[in-house]
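The lines below spell out each chain.
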Amino acid sequence: MFEIPAPELAPALLGLWLIRATRDGLAAGVIVETEAYGGVDDRASHARAGRTKRTEPMFGPPGHAYVYLVYGLHSCLNVVSGMDGEAGAVLIRAVAPTIGLALMSARRHRPADADDRLAAGPARLCQALAVDRSLDGHDLTAGRELWLADPEPATRHALLARGVARGPRIGVAYAGPDWAARPWRFGLRDHPALSAPFRP
DNA sequence: ATAGGGATTCTC
DNA sequence: AGAATCCCTATT
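Criteria and cut-off values
Residues numbered from 1 in each chain as written. Chains lettered and ligands numbered in written order. Predicted model: local features only at pLDDT ≥ 70, side-chain atom pairs only at ≥ 80, totals over all residues. Heavy atoms only, no water. Core = buried A, V, L, I, M, F, W, Y, C linked by side-chain atoms within 4.5 Å. Buried < 20%, exposed > 50% of the residue type's maximum accessible area, 1.4 Å probe, protein only. Helix = DSSP H or I, 4+ residues; strand = E, 2+ residues; numbered from the N terminus. Contact = heavy atoms within 4.5 Å. Near = heavy atom within 4 Å. Polar contact = N/O pair within 3.5 Å; in protein donor to acceptor, adjacent residues only side chain to side chain. Nonpolar A, V, L, I, M, F, W, Y, C, P; charged D, E, K, R; others polar. Salt bridge = Lys/Arg side-chain N within 4 Å of Asp/Glu carboxyl O. Pairing = 2+ DSSP bridges.

J.: Which parts of the structure should I look at to understand the nonpolar core?
T.: When a protein is soluble and globular, its nonpolar side chains tend to lie buried together. Leu13, Leu18, Ile31, Leu77, Val79, Ile92 and Val131 are the most contacted members of the largest nonpolar core, which totals 57 residues. If one sorts the elements of this core by residue count, strand 5 (residues 89–99) sits on top with seven residues. The residues contacting Val79, other than those within four sequence positions of it, are Phe2, Leu9, Leu13, Gly63, His64, Ala89, Val90, Ile92, Leu140 and Leu148.

Okay, here's the thing in structure tokens:
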């Protein structure tokens, strides 16, 4: 299912489980916001510089993780899309915390935020789920450490019933007006776990 | 070798 | 509005 272009995979990931298992226990949530990044032609994508050490996973097998460090501080998680050898990835921008809330809360070394927002934001979600670059390249379909899983169809249907909102990607003004304007961000409409730019 | 800057978040 | 903070990428 991951061998499709990122702009197609991004909305398809909405409503799926993202599950993290560590020695400390299990933490999991439902993906509510995603963002698509293309290959060498996408001026907003890390792959724009071609195949490099950092972006190697983006060119690798689909369904694996691409985890990078941004601003020297925060990890961000992507699901690699497209065919092996062709770059593409979907940034997971927000997850609705469902299992292991205490664990997620403990990992955030800050005063308790609203539970809904524990994993609202690409860097927040990585902190809440203990995702860092040690998981770069990890197979997200293997069912261990960090993986994706299908929810009950009825559950997912109910979630998607609120509708999918689209909009331009966040923080990519450097890519120029054309690429920055592409509506490649997807989110469950009005969901309380959406990231900061989309909260009221 | 070095400069420039970032797919963010938090605080002032 | 500005800082925090590392490492990637491009250039010299």
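Structure shown, so let's carry the discussion forward.
J.: Sorry, what's going on with the protein's contact with DNA strand C here?
T.: Taken together, Ala49, Thr52, Arg54, Thr55, Tyr71, Gly72, Leu73 and Arg133 are the residues near DNA strand C. A share of 71% is what sugar and phosphate atoms reach among the atoms of DNA strand C within 4 Å of the protein. One of the side-chain nitrogen or oxygen atoms of Thr52 is found 2.7 Å away from a phosphate oxygen of DNA strand C. Split into classes, the residues belonging to the surface near DNA strand C amount to three nonpolar, three polar and two charged.

J.: Teacher, can you tell me more about the protein's contact with DNA strand B here?
T.: Every one of the 23 residues lining DNA strand B counts as a neighbour, but His46, Tyr68, Asn78, Arg108 and Tyr174 are closest to it. Take the atoms of DNA strand B that sit within 4 Å of the protein: sugar and phosphate atoms are 56% of them. One of the side-chain nitrogen or oxygen atoms of His46 is found 2.6 Å away from a phosphate oxygen of DNA strand B. Tyr174 places a side-chain nitrogen or oxygen 2.4 Å from a phosphate oxygen of DNA strand B. For the surface near DNA strand B, the secondary structure elements donating two or more residues are strand 3 (65–70), strand 4 (74–80), strand 5 and helix 4 (122–128). Residue classes in the surface near DNA strand B are distributed as 13 nonpolar, six polar and four charged.

J.: Even after reading the chapter, I still don't get the side chain of Arg93, so can you show me in this structure?
T.: Among the secondary structure elements, Arg93 is positioned in strand 5. The class for Arg93 is buried, based on a relative accessible area of 6%. There is a polar contact of 2.7 Å between the side chain of Arg93 and the side chain of Glu33. Filtering out sequence-adjacent residues up to four positions away, Arg93 remains in contact with Glu33, Thr34, Glu35, Ala120, Gly121, Pro122, Leu125, Ile170, Arg185, Ser195 and Pro197.

J.: Would you mind going over the pattern of salt bridges with me for this structure?
T.: Pairing is possible between side chains of opposite charge, provided their charged atoms come close. Scanning all chains against the criterion turns up seven salt bridges. Among the ionic pairs, Asp42 bridges to Arg169, the shortest N-O distance being 2.8 Å. Placement of the pair is Asp42 in the loop between strand 2 (25–37) and helix 2 (56–59) and Arg169 in the loop between strand 7 (164–167) and helix 6 (177–181), with a sequence separation of 127 residues. For the pair formed by Asp42 and Arg169, the shared burial category is buried. Among the ionic pairs, Glu56 bridges to Arg51, the shortest N-O distance being 2.7 Å. The exposure class assigned to Glu56 is partly exposed, which follows from its relative accessible area of 34%. Note on Arg51: relative accessible area 48%, which makes it partly exposed.

J.: Can you walk me through the pairing of strand 4 in this structure?
T.: Looking along a regular strand, one sees the side chains alternate between the two faces of the sheet. The element strand 4 is extensively covered by neighbouring structure, given that six of its seven residues are classed as buried. Here strand 3 runs beside strand 4; their pairing, made up of six bridges, is antiparallel. Bridge pairing in strand 4 links Tyr66 to Asn78. Hairpin connection from strand 3 to strand 4: three residues lie between these consecutive antiparallel strands, with Tyr71 at a positive phi of about 55 degrees. Here strand 4 runs beside strand 5; their pairing, made up of three bridges, is antiparallel. From the neighbouring strand, Val80 faces strand 5, where its bridge partner is Ala89.

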